[in-house]
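# Overview (structure and organization)
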Amino acid sequence: MTRILDVRGLSKGFDMHHLGTHMAAFSDISLTLDAGEFLLLKGRNGAGKSTLLRTLYRSYLAAKGEILFHSSHGVIDLARAADVDVTHLRRTEIGFVTQFLTARPRVSAEALVAEPLRLAGHDAGDALERARHWLAAFGVKPALWPAYPTTFSGGEQQKVNLARALILPQRLLLLDEPTASLDASARAALIDRLAELKRHGTAMVGVFHHPGDVATLIDREIDLTPDAPQKEIRDDVAV
Ligand SMILES: Nc1ncnc2c1ncn2[C@@H]1O[C@H](COP(=O)(O)OP(=O)(O)OP(=O)(O)O)[C@@H](O)[C@H]1O
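Rules used throughout
Residues numbered from 1 in each chain as written. Predicted model: local features only at pLDDT ≥ 70, side-chain atom pairs only at ≥ 80, totals over all residues. Helix = DSSP H or I, 4+ residues; strand = E, 2+ residues; numbered from the N terminus. Rg over C-alpha atoms; globule rule 2.2 N^0.38 Å. Buried ≥ 20, exposed ≤ 12 C-beta atoms within 10 Å, placed from the backbone. Near = placed C-beta within 6 Å. Nonpolar A, V, L, I, M, F, W, Y, C, P; charged D, E, K, R; others polar. Contact = placed C-beta atoms within 7 Å. Axes fitted to C-alpha atoms, helices over the stretch in contact; angles between N-to-C directions. Parallel < 35°, antiparallel > 145°, perpendicular 65-115°, else oblique. Left-handed = near helix turned anticlockwise from the far one by under 90°. Pairing = 2+ DSSP bridges. pLDDT = per-residue confidence, 0-100.

Per an unreviewed UniProt entry, the protein goes by the name Arginine ABC transporter ATP-binding protein and belongs to Antarctobacter heliothermus.

Listed below in structure tokens is the structure:
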């Protein structure tokens, strides 16, 4: 097994300045993740699932604990890494899939999807061809490929977002409700792509309000609801 993540004693809370109080989002979380493993984060509303994903991605700074990411260049503590290193890892090894697209003015859907490949040094023509492949796979109509996604429907924007986030295999993929508002065929395409990435060794941590969507991918579950019993699904993950 190739270790990807060692999280130790991780805590995060928020200062509620207007109330003069502090609220814990999650406390003392420890977990490990190996290549090709899929970890489902469960828990009641407000248990801290999205906050944990954002802390792993370093959108939030942890209050306590370590996030040891085994990158291709060695182990780095994401809780303490320099911003420049985090930015580099986000381009090359760590992906975050949400249901929300950050569209940019006057950037076409196909250019937005091709961008991660271009930044990784792929030829522009090849990147565009692969972008179109993934837009088609997620069911975005060809007429929309050269258009600006700012005017797309919520589902169409989400499909562009998925194509962009999943075009390049990552070492670690964080998934925050990626199936929300997807139609059945896009959901099937997403599950197929996640299964393919998992077979290639991508480690994944995901939040799904309908975990049945990804039942075949789940190896382990962690329930962030305080005092919830933890469940090991299976331990026969081959990588
Ligand atoms: N930026 C923030 N500032 C203050 N409090 C926040 C912030 N983000 C989250 N919280 C609080 O932290 C707690 C955890 O929120 P989080 O969104 O992580 O929960 P969740 O488990 O993903 O919930 P849900 O299932 O409802 O999506 C909540 O009580 C929420 O109000």
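Read on for the rest.
## Concerning the overall build of the protein
If you tally the helices and strands in the protein, you get 6 helices and 10 strands. For 239 residues, the compact-globule estimate of 2.2 N^0.38 gives 18 Å, and the protein sits close to it at 18 Å. Referenced to the eigenvectors of the C-alpha coordinate spread, the extents of the protein come out at roughly 50 × 50 × 35 Å. Within the protein, the fraction of its 239 residues that count as buried is 36%.

## Some details on the site of the ligand
Taken together, Phe-14, Ala-25, Gly-43, Asn-45, Gly-46, Ala-47, Gly-48, Lys-49, Ser-50 and Thr-51 make up all the residues around the ligand. Take the shell around the ligand: its biggest share by element is 3 residues, from helix H1 (residues 49-56). Residues belonging to the shell around the ligand are distributed by class as follows: 3 nonpolar, 6 polar and 1 charged.

## As for the environment of Arg-8
Mapped onto the secondary structure, Arg-8 falls in strand S1 (residues 3-16). Residue Arg-8 is classed as partly exposed on the basis of its 16 C-beta neighbours within 10 Å. Along the backbone, Arg-8 and Gln-157 are 149 residues apart, and their C-alpha atoms lie at a distance of 35 Å. Look past the residues within four positions of Arg-8 in its chain and what remains in contact with it is Ser-30, Gly-65 and Glu-66.

## Focus on the packing of helix H3 (residues 109-119) against helix H5 (residues 154-166)
Look at H3 against H5: their axes get within 7 Å of each other, and the N-to-C directions meet at 25°. Classified by the angle their axes make, H3 and H5 are roughly parallel. Of the two elements, H3 crosses H5, and the hand of that crossing is right-handed. Each of Ala-109, Leu-112, Val-113, Glu-115 and Pro-116 in H3 lies in contact with H5, whose residues at this interface are Val-160, Ala-163 and Arg-164. By residue class, the composition of the contact of H3 with H5 is 6 nonpolar, no polar and 2 charged.

## Considering the sheet that holds S1
Each strand in a sheet pairs with its neighbour through backbone hydrogen bonds, running either in the same direction (parallel) or in the opposite one (antiparallel). One open sheet holds the 4 strands; their spatial order is S2-S1-S4-S5, and the pairing between them is antiparallel. Both outer strands of the open sheet, strand S2 (21-34) and strand S5 (74-77), are each paired with one neighbouring strand and no more. Averaged over all adjacent pairs, the angle separating strand axes in this sheet is 20°, with direction ignored. With 4 bridges connecting them, strand S4 (residues 64-71) and S5 associate as antiparallel partners.

## A look at the confidence of the model for the protein
Averaged over all residues, the pLDDT of the protein is 90; the fraction at 70 or higher stands at 95%. Confidence drops under a pLDDT of 50 for residues 232-239, and excluding neighbours within four residues, the segment shows 16 contacts in the predicted structure. Overall fold confidence (pTM) sits at 0.90, and the ipTM for the predicted complex is 0.95.

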